Structures are given as structure tokens and as C-alpha cells.
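What follows is the residue order along each chain.
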Protein chains: 2
Amino acid sequence: MTAPSDTRFANARLPDGSLADLTVSDGRFSAITPVKEASAVIDAATIDLAGELVVPAFVEGHIHLDTSFYGDAWRPHIPCTDGFDVRERVAFQARSLAAAAPMAERAKNQLELCVGHGSLAMRSHVMVDGSVGLKHIETILAVREKYRALIDIQLVAFPQSGILSSPGTPELLDEALKLGCDLIGGLDPASFDRDVKGHLDVVFGLAHKHGAGVDIHLHDGGLLGLFEVEEIAARTKALGMQGHVAVSHAYGLGDIAADALEKAGEMLADAGVAIMTNAPGNHAFPPVAALRRAGVTVFSGSDNIRDSWWPYGDGDMLNRANMIGYRSGFYEDHELEAAFDVVTDAGARALGLEGYGIAVGAKADFVAMRAEHVPEAVVAVPKARTVYRAGRAVARDGSMLG
Amino acid sequence: MTAPSDTRFANARLPDGSLADLTVSDGRFSAITPVKEASAVIDAATIDLAGELVVPAFVEGHIHLDTSFYGDAWRPHIPCTDGFDVRERVAFQARSLAAAAPMAERAKNQLELCVGHGSLAMRSHVMVDGSVGLKHIETILAVREKYRALIDIQLVAFPQSGILSSPGTPELLDEALKLGCDLIGGLDPASFDRDVKGHLDVVFGLAHKHGAGVDIHLHDGGLLGLFEVEEIAARTKALGMQGHVAVSHAYGLGDIAADALEKAGEMLADAGVAIMTNAPGNHAFPPVAALRRAGVTVFSGSDNIRDSWWPYGDGDMLNRANMIGYRSGFYEDHELEAAFDVVTDAGARALGLEGYGIAVGAKADFVAMRAEHVPEAVVAVPKARTVYRAGRAVARDGSMLG
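Since we're looking at a predicted model, the values are computed, not measured.

Reading the values: the criteria
Residues numbered from 1 in each chain as written. Chains lettered and ligands numbered in written order. Predicted model: local features only at pLDDT ≥ 70, side-chain atom pairs only at ≥ 80, totals over all residues. Helix = DSSP H or I, 4+ residues; strand = E, 2+ residues; numbered from the N terminus. Rg over C-alpha atoms; globule rule 2.2 N^0.38 Å. Buried ≥ 20, exposed ≤ 12 C-beta atoms within 10 Å, placed from the backbone. Pairing = 2+ DSSP bridges. Contact = placed C-beta atoms within 7 Å. Axes fitted to C-alpha atoms, helices over the stretch in contact; angles between N-to-C directions. Nonpolar A, V, L, I, M, F, W, Y, C, P; charged D, E, K, R; others polar. Domains from an automatic or database assignment. Least-squares fit on C-alpha atoms with pLDDT ≥ 70 in both. Expected span 1.5 Å × (residues − 1). Arc of directions from axis to C-beta. Parallel < 35°, antiparallel > 145°, perpendicular 65-115°, else oblique. Left-handed = near helix turned anticlockwise from the far one by under 90°. Right-handed = clockwise from strand over helix to strand, strands pointing away.

Chemist: What is the right way to look at the overall build of chain A in this model?
Modeler: Per the secondary structure count, chain A includes 12 helices and 17 strands. Computed over its C-alpha atoms, the radius of gyration of chain A comes to 21 Å, within 12% of the 21 Å expected for a compact globule of 402 residues. Seen along its three principal axes, the alpha-carbon backbone of chain A occupies a region of about 65 × 50 × 40 Å. A total of 402 residues make up chain A; the buried ones form 54% of that total.

Chemist: Teacher, can you tell me more about the sheet that holds strand E12 (residues 273-276) of chain A here?
Modeler: Strand pairing in a sheet takes place through backbone hydrogen bonds and is either antiparallel or parallel in direction. All names here are of chain A. The strand order E6-E7-E8-E9-E10-E11-E12-E13 describes an open sheet built from eight strands, whose pairing is parallel. Edge positions in the sheet fall to strand E6 (58-63) and strand E13 (298-299), since each has one partner strand and no second. Looking at chain direction, strand E10 (residues 213-218) and strand E11 (residues 245-249) are connected through five bridges and run parallel. When the bridges of E11 are listed, Val 214 appears paired with Val 245. Against the sheet, helix H2 (residues 103-117) makes contact with E6 and strand E7 (119-127), and its axis sits at roughly 150° relative to E7, the strand it touches most.

Chemist: Where do I start with the interface of chain A and chain B in this structure?
Modeler: Bring the parts together and some accessible area is lost; that lost area is often taken as the interface size. The interface is formed by 23 residues belonging to chain A together with 23 residues belonging to chain B. Those elements that provide at least two residues to the side of chain A that touches chain B are helix H9 (317-328), helix H10 (333-342) and helix H12 (374-380) of chain A. For the side of chain A that touches chain B, the class distribution of residues is 11 nonpolar, five polar and seven charged.

Chemist: Explanation requested: the domain arrangement of chain A in the structure shown.
Modeler: Residue and element names in this part refer to chain A. Taken as a whole, chain A is organised into domain 1 (7-56 + 357-396) and domain 2 (58-351). Computed from C-alpha atoms alone, the centre-to-centre distance between domain 1 and domain 2 is 30 Å. Opposite the 16 residues of domain 1 that make contact, domain 2 presents 17 residues. Secondary-structure elements contributing two or more residues to the side of domain 1 that touches domain 2 are strand E5 (53-56), H12, strand E15 (385-389) and strand E16 (392-396). Looking at the side of domain 1 that touches domain 2 element by element, the count peaks at five residues for H12.

Chemist: For this particular structure, what's the right way to read the relation of the copies chain A and chain B?
Modeler: There are two copies of the chain, and a rotation about an axis plus a shift along that axis relates them. Mapping chain A onto chain B is achieved by rotating through 180° and translating by 0.0 Å along the same axis, at an RMSD of 0.0 Å. What the rotation and shift describe, once combined, is the action of a two-fold rotation axis. A shared binding surface is used by both copies, with 100% of the interface residues of chain A retained as interface residues in chain B.

Chemist: Teacher, can you tell me more about the sheet that holds strand E13 (residues 298-299) of chain B here?
Modeler: Reading across from one edge, E6-E7-E8-E9-E10-E11-E12-E13 (chain B) is the order of the eight strands in this open sheet, with parallel pairing throughout. Each edge of the open sheet is held by one strand with a lone partner, namely strand E6 (58-63) and E13 of chain B.

Chemist: Mind showing me how you'd approach unusual backbone geometry here?
Modeler: With the exception of glycine, the majority of residues adopt a negative phi angle, and the majority of peptide bonds are in the trans configuration. Non-glycine residue A:Asp26 carries a positive phi angle of around 50°. Take A:Asp26: it is sitting in the loop between strand E2 (19-25) and strand E3 (28-35). Phi at B:Ala279 is positive, roughly 55°, even though this residue is not glycine. Checked against the element boundaries, B:Ala279 lands in the loop between strand E12 (273-276) and helix H8 (288-293).

Chemist: Could you clarify how one ought to interpret helix H7 (residues 258-271) of chain A in this entry?
Modeler: Every α-helix winds through 3.6 residues per turn, so residues three or four apart in the chain are directed the same way. All names here are of chain A. Over its 14 residues, H7 runs 20 Å from end to end, which matches the ideal 20 Å to within 8%, given 1.5 Å per residue. Along H7, the positions that sit buried rather than exposed are Leu 261, Ala 264, Gly 265, Leu 268 and Ala 271. Taken down its axis, H7 places every buried residue within 140° of arc, on the same side. At its buried positions, H7 is contacted by helix H6 (222-238), E12 and helix H8 (288-293). A positive backbone phi angle near 65° is found at Gly 272, which sits one or two residues after H7.

Chemist: Help me understand the packing of helix H6 (residues 222-238) of chain B against helix H7 (residues 258-271) of chain B in this model?
Modeler: Each pair of packed helices can be summarised by the angle the axes make with each other and by the distance between the axes. All names here are of chain B. The N-to-C vectors of H6 and H7 enclose an angle of 25°; their axes lie 9 Å apart at closest approach. One finds that H6 runs roughly parallel with respect to H7. When the axes of H6 and H7 are compared, the crossing they make is left-handed. Each of Leu 226, Val 229, Glu 230, Ala 233, Thr 236 and Lys 237 in H6 lies in contact with H7, whose residues at this interface are Ala 260, Ala 264, Met 267, Leu 268 and Ala 271.

Chemist: Is there a simple way to explain helix H2 (residues 103-117) of chain B in this structure?
Modeler: All names here are of chain B. An ideal rise of 1.5 Å per residue puts 21 Å on 15 residues; H2 measures up with 21 Å between its terminal C-alpha atoms. In terms of burial, H2 is a largely internal element, 12 of the 15 residues being buried. Residues Met 103, Arg 106, Ala 107, Asn 109, Gln 110, Leu 111, Glu 112, Leu 113, Cys 114, Val 115, Gly 116 and His 117 constitute the buried set of H2. The positive-phi residue at the C-terminal boundary of H2 is Gly 118, with phi of around 115°.

Chemist: Whenever I open this one, the environment of B:Ala100 confuses me. Can you help?
Modeler: Residues and elements named next belong to chain B. Along the chain, Ala 100 falls in the loop between helix H1 (86-98) and H2. Linking Ala 100 and Trp 74, residues 26 residues apart in sequence, is a C-alpha distance of 9.9 Å. Beyond its immediate sequence surroundings of up to four residues, Ala 100 is in contact with Phe 69, Asp 72 and Arg 106.

Chemist: When you look at the environment of B:Val387 in this model, what are you seeing that I'm missing?
Modeler: Residues and elements named next belong to chain B. Structurally, Val 387 is set in strand E15 (residues 385-389). Residue classification places Val 387 among the buried residues on the basis of 28 C-beta atoms within 10 Å. Sequence-wise, Val 387 and Ala 368 are 19 residues apart; in three dimensions their C-alpha atoms are separated by 6.6 Å. With residues near it in sequence (within four places) discarded, Val 387 still touches Ala 57, Val 115, Gly 118, Val 367, Val 394 and Ala 395.

Chemist: What should I look at first to understand the pairing of E6(B) in this one?
Modeler: Each regular strand displays side chains that alternate between the two surfaces of the sheet. All names here are of chain B. Among the six residues in E6, six count as buried, and that is most of the element. Pairing of E6 with strand E7 (residues 119-127), which is carried by four bridges, proceeds in the parallel orientation. Residue pairing for E7: Glu 60 is matched across the bridge by Met 122.

Chemist: Help me understand the environment of A:Ser302 in this model?
Modeler: Residues and elements named next belong to chain A. Along the chain, Ser 302 turns up in the loop between E13 and H9. As a C-alpha pair, Ser 302 and Ala 380 span 78 residues in sequence and 18 Å in three-dimensional space. Beyond its immediate stretch of four places on either side in the chain, Ser 302 contacts Glu 60, Ile 63, Asn 278, Gly 313, Gly 315 and Arg 320.

Chemist: Can you help me understand the packing of helix H9 (residues 317-328) of chain B against helix H10 (residues 333-342) of chain B in this one?
Modeler: Residue and element names in this part refer to chain B. Contact pair H9 / H10: the axes reach a minimum separation of 8 Å and the direction vectors enclose 130°. Taken together, the axis directions place H9 and H10 in an arrangement best described as oblique. Every pair of crossing elements has a handedness; the one defined by H9 and H10 is right-handed. Residues Ala 321, Ile 324 and Gly 325 of H9 form the contact with H10, whose participating residues are Glu 335, Leu 336, Ala 339, Phe 340 and Val 342.

Chemist: In this structure, what is going on with the pairing of strand E9 (residues 183-187) of chain B? I would like to understand it.
Modeler: All names here are of chain B. In terms of residue burial, E9 counts as a mostly covered element, since five of its five residues are buried. As paired strands, strand E8 (residues 152-158) and E9 are joined by two bridges and run parallel to one another. Looking at E9, one finds that Ala 157 is bridged to Ile 184. Viewed along the sheet, the connection from E8 through helix H4 (residues 169-179) into E9 turns out right-handed. As defined by bridge partners, E9 adjoins strand E10 (residues 213-218) across five bridges and the pair is classed as parallel. Of the residues in E10, the one forming a bridge with Ile 184 is Val 214. A crossover connection joins E9 to the parallel E10 through helix H5 (residues 196-210); in handedness this β-α-β unit is right-handed.

What follows is the structure in C-alpha cells.
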């Protein structure tokens, strides 16, 4: 039965290729009715999707809302003076941010870029350290409130300057979680803070205290990175935090031997620790297919978009799926579908989203585009899309509506 | 002086960021006049570019016009039964092509995809072997004639099934060059034909006989690939063919030691042998920056677009520049400009194009798009573009006009 306030979408193409009519009531799918062939729409109140592919809104699983210059003046990248050094980069970032447009405005530009391309759930890391204190957190918390109707945002209190090596940071992280951050972050416990145990004691201590999730930036390579992943998995199990912990980047998983990777995959699956990769361009990264085979939740994000770390990023998670496939050598349909899963269902699992998907009872957050099926969408990356939030069109062809 | 038949483009942003008015006479730039600031256009016959960035049309340096299924039915990728095998792949391709739309139609789809994104010069490899004879060549030669006003196409007679291991192929290649192919191709002299000298004797013998260029597919890795590159360079010098020879893919250059690479770069620069890479996703590839530093012309192409070899490819050489930069770790402005050079000026040099560029006397083949400068265009890859051939708009936002 269709109530007067319901919205009906006719002739949607579902990811399995079949056609269906979708009914949305109170922002959720209340009916999904298979149809044999496209029907002529006679009801003026019905939106005819005309066979467009309907997929769940994308999950932007790793972004930095506070530090992008997207929509602001172009700021040329400057390399570190002598090899890559996080501290030098953070100092460069501080100088660049001081000259930039207000953070709230830049965050809004980035949010609209992401929503415009179809992401309606997001996890953003926000910098906390002795120099900026909680200023970034406070600003982005306010931005989140303002955009709550449009996009679901999880915030990670991110210790950009380390925890042990940046005095006062444990207290700031504690405060950030009180203020409303959902997760606590971390940054290379070994190479940055030089104390894996000390670093993780703070991270998991605060997570336990606040019932918060964990999402740690880990760039350390090879067996060093693997060692830290093992420590994170062990603590996750010990605290019963399965499903609430992620490791972002985890480059080390990309350059260890196949047998070590196999064991790591089993361990991560068992501990319920998810892995985030943006499929970097010139760096080894976690093998997506092998980890998925082991049962690990692999999700993705844009990471930096035009900031002090690099100039790339377009906020388009469908293009990210393309890149994941391209970098992983995914050619077959089921592989292209796996790349798509990374930016949709797997992302929803990693973020613990409620009511995700194209299913009766799920939130009607979806994207419609001209594509025959998911594999074609992943290779073609059609930019012409309509983004629906709770059944209402909010963006079209990359631009916000209304 | 502006003749009545001239076209004037006002307020063009040149790659260096300055504004200029462009005059086009008989399909070529006849004047480029710097302007201090954007002028109000009063002449109805003048096209106001309104500050859009104007860049030379892109050079698609490696594509297969005969084998794509773009615009045809989706044909799922099927892996080889036991590791990668070129012969098995060619057999799969033959089955797929037999079921596909006519080749001329598929070639047209691919051409319009490329022109729509701004490529107005192209080098296409076209398959020649004992099974298809000269059929592909004849079809694509006819397509080239039909599209001559729209795009400049060089054709390579490409021995897809080898030369020595496919009886009759040397004679077919000879015939293909007589019919109008501009270059002779080759395919892994070592790993495929098992006879480097024998393979190259045929290739360079026919090139010398016909005054044709050479562009060889070389996938062989490491020192094996390097050995073949050395042989190609030596023959190029011996025959005085500097500037007329290219090696496509040259994966081997991506996995040799730095000192060997440095020597290889000097040798290639000295021999005037260009290197084509499409910046593959999951494979080592020639180091673009190091080779450019050595003076080597590095150009690029889409390679396969949705064919029996892989499902990727969008025919957008600006997106290819983005991928070259992303895969190469190019972050600084001058590096992003280098990635752009690979798909423009370096491509023009590799193909030996006459009258290329935004300069008085050059052909008015250009692309206008909303971007502040070249580095921003490379990271943003704006899809909204207008493509001009001889000063006339032929495509907009990816679609052909008129």
C-alpha cells in the first residue's frame, strides 16, 4: 500500500541487473517491487528512473575535513627539504592553513564535493595537537551539526603530531571524545612516537574509557608495520572491540611475504579489525583481494584532497573504486564488483552504519546513474548522477540542488 | 589585421596563466595577443572563452581502434586458464570479435570517445596476422579516411600473433605498409617469437624499405626487456632513424637497477627512441621523471579500451596525465606539468606532428576548459571541455557537436 506521503521511483535497475519499482516512506525503502520490463509512468508524483542503475550511496571512509584547500586558492605542493618528514610537513601545513579561507568554509566545499559525487556517510580524521588544541575539532563538530540532514559524519580525534611526542595530547584526545568525536586515532606508534606500547596504551585506554572506536594511521612498512598491526589486533580482541577498530593505510601489508600476509589476514578477520586503503599511486598497499578472501573488511576513502600533503583527490568514491580495481589488477566482473563493494557495503560495515543498502527497511540514501550494471559503472565512472538522501534528490551531476 | 574569414577567440587563459586573444585564419593561429585583463566582448563573431584554460589538443599515442567493444555490448573479462598467455588471449579475442558489432562502427565509437575528450591526433596499432590477414588494416584505413577532417591518425601494422611464429606475417606487414600504414610494429621479440635478431631484422628491414617508422610492443621485463631495448636503439642509430622509433610499454625499464636505468636513458636519448607508457595500474613501468631527465621523449596512450585484454580505459588523455602523475608520485606543480607534457608536447614529438601547440602558425587544434592552470587541470580532470579542430568547435563535454 502506498501512503500519500510516499515517494515512488519507477524503473530502477538494481545492482543485479533486474528492474524494480522502489517506494520510499519516511526516508526509508518501504517496498521494492520487481518489474518485468520498464513501465510507462502515468503518475505525476512518481519519479521515473528510466532504467538507471540504483546503488547505495557511497561510503567515504577516510578524509580530512579540516585541512583541504579544495575550493580555496591553489597552493603548490612543496617537498620536504631532505626526504619525507611528518614534522616538517605539519609545519608546512600550519603555514598554509594560516593563509587559507576559514576552516568551516573549506570543510563545506569538501563536503559538497563528496555529496555531489554520491557519498552520504563519511569518516573524517580531524587534527588534535598541542599547537591547534581542540580548535579543528570544535569547528568540524559544528560543521557536522549543520550538515546532519545531508550526510552522516563520524569524527576521529587524530593526533597529527603524535601522542607521546606532543605534550598534552592525551588530555586533548580525552577532551575531544567528550566533545563528541566518535573514534580516537593514532599515528605510526613506532616510527613517529618511537613507543608502540606507550602509544597504543593511550589510544586503547581512551577508547575503552569512552566506548569509542579506533582508527589508526599506520604508514610503517614491512615487518615493522605488521608488528604494529598484530599489537592492534591483540588489543582489539582483549577489549572485545571487534568491529570497532580500523587501521588506515597499513602499507606494511603490501610488502610482506605471501605466507605472512595470509596469517595477518586470518588474524585481522578474527580480531574484527578493518583495513582502509585509498589505493595509493606509487606505494605498496594492502592486497585487497587477498584480505577480502581472508574475511577482512577492506574499505576506502579519498584521504587528503588538495592539501599540504598532496594535490590529488576528487571526492568521488566511484572513481576510487575504479582506482582500487586498476591498482589491484581487477579485470573480471566479480573483481570489479569487489572494488565497488569496498566503497559501499564494506565501508558501511567498517563504519557500523545502520540501515545501509538497497533493501526494504534501509535508509533511502542512493545514487542513480546511467550504467548497465556495477562492473560497467566501475570502469566508466559516469559523472552524470543523481544523489538521493532519504528519498529526496540532493545533488545532480556533481552539483548540490536547491 | 583580421580578415573577414578569421575567427577571434577572446579571453583565453594560456598554460602560463596569462590571458590572450587568439586569432585563427585558415585553421591555424595567425595571432596571439596578450591582454591585461578579461575584456568585454563586443563583436558577435568573436567567441568569448571567458578565461578558460586553452591547451593544445591531446595526443593519443597508443590505442587499438580495431579491437575495442566500447559502445557495443558488455563483454565480461575472462582470465587465461593457466597464467597469462598471449596466444590464448588472441584466440579469446577472435571469438569475442566474431560476435561483436562491425569493426568500423566500433572504431567510430572509440574515435568519438577520444575526440570528445580532446584528442585530435592519434597513433593506433592495428592487428595483422595469418588469421585476419589485412582485413583489420583495410577497415581502419577506411575509417581514417572518413575521419580525416576531424582527427589525424597514424596507423601501425601490428603483428599481434608474432612475426616469425605466424607464417606469412612478414609479407602481410609489407603489404600493410604499401596500403598506407605509417609504421611497422612488433611484439616481444624474445618472449613471443623467441628470436630477437630474427624479429628485429624483419621489423627494421621493412621500415627501411618503406621509409616507415617503428613502434614495438615490448612487455618483456628486467634485463631481458633492457637487452631488447638496447638492440632496438642500436638499429635505430645504425639506420639513421632517430626520432622515428618508439618502444611501447617497455616494462623492463621499470624494474632494473637505478644505474642500469641511467645508462638506458642516455642510450635512448642518444638514439632518439621514444618510450610509450600508459602508467599501468598493477605493474612496474618506465620511470617517467628519470627518463625525461635523461632527455628521452616519453609519451602516452589509452592502450586497450574495453576489449578482450582488460575492461578499463576512457579515452581521456587528460585523465591519463592524472594517472601518470598519480602513479609516478608527481605532487609539485612542475611535476604535474611534466605529466601534462607527456600527453601533449612530448606526444607530438613522438608522433612527429607538424604545427602542434598554441603558437602563431600552429594548427588551431585546442581544448578549452575551466581550470586556473595546467597543474589544476591535471588533478581536477574537468570533464566539461570544448574541443576545437582547426578553430571550429567539434565536441563539448564529451559529446560530438553537429
